[in-house]
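Remarks on the overall topology
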Amino acid sequence: MNRRSLLPLVCCFSFSSISWSAPATEAEQFLKKAVDEVLATSDRAANSSALAEKVRPILQRYISFETMARRAVGPGWRQFTPDQQRKATQLFTTLVIRTYSSKFTPGERPVMSYLAAVTPAAGRVDVPTKLVYQGSRYSVTYRLEQEGSWKITDVVIEGVSLIANYRTQLDAKFKSGGAPAVISSLEQSVSRPK
Amino acid sequence: MKINFRLLLPAAAVFLADCTSTKTATTTASATTATAATAGGTATDALDDYDAVQVSDPLEPLNRATFTLNHGIYNALFRPIAKGYTTVTPKPFRQGVDNAFENAKFPVRFVNSSLQGKFDRAGKEVQKFGVNTFAGFGGLIKQSDRISSLADVPSEDSGQTLATWGIGHGPFLVLPVFGPSSAREAVGLAGDYALNPVNWLFKLRGGAEKTEWIPSAANTVRSLPDQLEKYDSSRANSVDPYVSVRSVFYQNRKAATAQ
């Protein structure tokens, strides 16, 4: 698009990546640990659904599903009761794990290379990676946030953000029927055969 | 394949009428905009990190109908063809065929890199084409992946060129058979079709009675498994498949254009 309009953004990125390089390294180490652990486990899984079950506890350690669900719903999240928030997070967790694990064929190991991390804001780090998998090349960016410890809060594959995608879909549901509509649409998606 | 252009004509008409006016109305949920807002200190609501999504989709009812129709066509026609192709051919064979067709698409990437003033990239495309054609048996082996400066050259297409020239998406369109697009991207698609040598024989010689249609048809068949996989993954685990596919389309194109 317009290159000039991107210039302040680029400057901002390069400036902040210098001043926040310590957290960036920390976040990157955290991500590498998560990825290695997931890959080691997925190598041993027999099929995709077994894989989803096996990686679930690992992902729960490294991903903040609560933050993901909150962001995917947007400002409407405040109108959810604590029970509804729990329920939505739980359903969303299942969907995200399913989405994530469906991308892997057990036994086929992707080759990942980590590019220089950027710090869009304090307590946030984006780690871009290049992935070679089954003969194709992909760009995948992991977004991490500091919540006590580091947590993964979004995965952007080929420019498509997992959370932005759900945000678009859930926004319409929330506008039409509030929290119950969001929860029932998530329930439907979970129960739908893949 | 003649039908291709006929399908694109109405799109071009809408495009001409709409491309200038809808540019500002078209915004998509994107992580980049969210980041920009945060970095600039303008985000006031932490929960609104991913901005609410307003895409220009005035034809939504028609688009949804076409979307359903396409789903039927993919399942009834394309899926069996893709399944047949992947059953009778081994993976290395398909990889080679994909490489060769992608290599032949060189003019699409070269012309569009140049039209966007990315001459360095256009030069790299020439190198890639040379290396793959002469050292990779006519493109069957993607030798350029072994050369680090040529491994990650973002591929440019006509839609990205129009975007770089400042033309907005226009309204969202679900094209019959082709799937999600926009007025601008539909014109881009026609441009890519015209620039792809695979289609030249057919276009220059006309008529589908002899063998001129074979390269175009082969190109379609070999790309089906990949296309279907992408389609499936943008539908999978969605709350509303139509909205999900639309969102993936806009985010994808935005990222491709920004490169």
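About the thresholds
Residues numbered from 1 in each chain as written. Chains lettered and ligands numbered in written order. Predicted model: local features only at pLDDT ≥ 70, side-chain atom pairs only at ≥ 80, totals over all residues. Helix = DSSP H or I, 4+ residues; strand = E, 2+ residues; numbered from the N terminus. Buried ≥ 20, exposed ≤ 12 C-beta atoms within 10 Å, placed from the backbone. Contact = placed C-beta atoms within 7 Å. Pairing = 2+ DSSP bridges. Expected span 1.5 Å × (residues − 1). Bend = angle between axes of the 7 residues up to and from the residue. Axes fitted to C-alpha atoms, helices over the stretch in contact; angles between N-to-C directions. Parallel < 35°, antiparallel > 145°, perpendicular 65-115°, else oblique. Left-handed = near helix turned anticlockwise from the far one by under 90°. Nonpolar A, V, L, I, M, F, W, Y, C, P; charged D, E, K, R; others polar. Core = buried A, V, L, I, M, F, W, Y, C linked by C-beta atoms within 7 Å. pLDDT = per-residue confidence, 0-100.

From N to C terminus, chain A includes six helices and six strands. Ordered by position from N to C terminus, the α and β elements of chain A give α-α-α-α-α-β-β-β-β-β-β-α. Considering chain A as a whole, with its 194 residues, one finds that 38% of them fall into the buried category. Taking contacts inside chain A between residues at least 6 apart in sequence as the whole, the part at least 24 apart equals 55%.

The subject of this paragraph is the pairing of strand E4 (residues 136-147) of chain A. Residue and element names in this part refer to chain A. The pairing of strand E3 (residues 124-133) with E4 spans 10 bridges and is classified as antiparallel. The partner of Tyr 133 across the bridge, within E4, is Ser 136. In sequence, E3 turns back onto E4 through a hairpin of two residues, with Gln 134 there showing a positive phi of about 50°. As paired strands, E4 and strand E5 (residues 149-157) are joined by eight bridges and run antiparallel to one another. The residue of E5 that forms the bridge with Thr 141 is Val 156.

Residue and element names in this part refer to chain B. For helix H11 (residues 214-235), spanning 22 residues, the distance from its first C-alpha to its last is 31 Å, which sits close to the expected 32 Å at 1.5 Å a residue. Along its length, H11 reaches its greatest deviation from straightness, about 45°, at Leu 224, and the proline Pro 225 lies no more than four positions downstream. Positive phi shows up at Asn 237, right after H11, with a value of about 60°.

For the pair helix H6 (residues 162-191) of chain A and helix H12 (residues 241-258) of chain B, the least separation of the axes is 9 Å and the interaxial angle reads 140°. In terms of axis orientation, H6(A) runs oblique to H12(B). Handedness of the H6(A)/H12(B) crossing: right-handed. Listed contacts from H12(B) to A:Ala164, A:Asn165, A:Thr168, A:Gln169 and A:Ala172 of H6(A) are B:Val243, B:Ser244, B:Ser247, B:Val248 and B:Gln251. Each residue belonging to the contact of H6(A) with H12(B) can be placed in one class, and the counts come to four nonpolar, six polar and no charged.

Moving on, we get to the environment of B:Pro225. Tracing the sequence through the fold places B:Pro225 in helix H11. With 115 residues separating them along the chain, B:Pro225 and B:Phe110 place their C-alpha atoms 26 Å apart.

What follows is about the environment of B:Asp98. All names here are of chain B. Secondary-structure assignment places Asp 98 in helix H4 (residues 91-104). A residue is classified by how many C-beta atoms lie within 10 Å of it, and Asp 98, with 20 of them, is buried. Once the C-alpha coordinates of Asp 98 and Arg 222 are considered, the two residues, 124 residues apart in sequence, prove to be 6.7 Å apart.

Now for the nonpolar core. One finds A:Ala27, A:Ala88, A:Phe92 and A:Leu144 to be the most contacted residues of the largest nonpolar core, which totals 63 residues. Per element, the largest residue contribution to this core is 10 residues, and it comes from H6(A). Core analysis: the next-biggest nonpolar cluster, separate from the first, contains six residues, B:Ala100, B:Ala104, B:Val108 and B:Val111 among them.

Residue and element names in this part refer to chain A. The geometry of helix H5 (residues 82-101) relative to H6 is characterised by a closest axis approach of 12 Å and an angle of 135° between their N-to-C directions. On the basis of the axis angle, H5 is oblique to H6. As for the relative orientation of H5 and H6, their crossing is right-handed in sense. Note on element contacts: H6 touches H5 through Leu 162, Ala 179, Val 182, Ile 183, Leu 186, Glu 187, Ser 189 and Val 190, opposite Gln 84, Lys 87, Ala 88, Leu 91, Phe 92, Thr 94, Leu 95, Val 96 and Thr 99. Classifying every residue of the contact of H5 with H6 gives 11 nonpolar, four polar and two charged.

So, on to unusual backbone geometry. Unusually for a residue other than glycine, A:Glu158 sits at a positive phi of about 50°. For B:Val177, which is not a glycine, the phi torsion comes out positive at approximately 70°. Tracing the chain through its elements places B:Val177 in the loop between strand E1 (172-175) and strand E2 (179-182).

Residue and element names in this part refer to chain B. On average, residues of chain B score 82 in pLDDT, and 78% of them reach the 70 mark or higher. For residues 1-43, every residue scores under 50 in pLDDT, and the model assigns this stretch 82 contacts once sequence neighbours within four places are set aside. Under the prediction, the complex receives an ipTM of 0.82, its pTM being 0.82.

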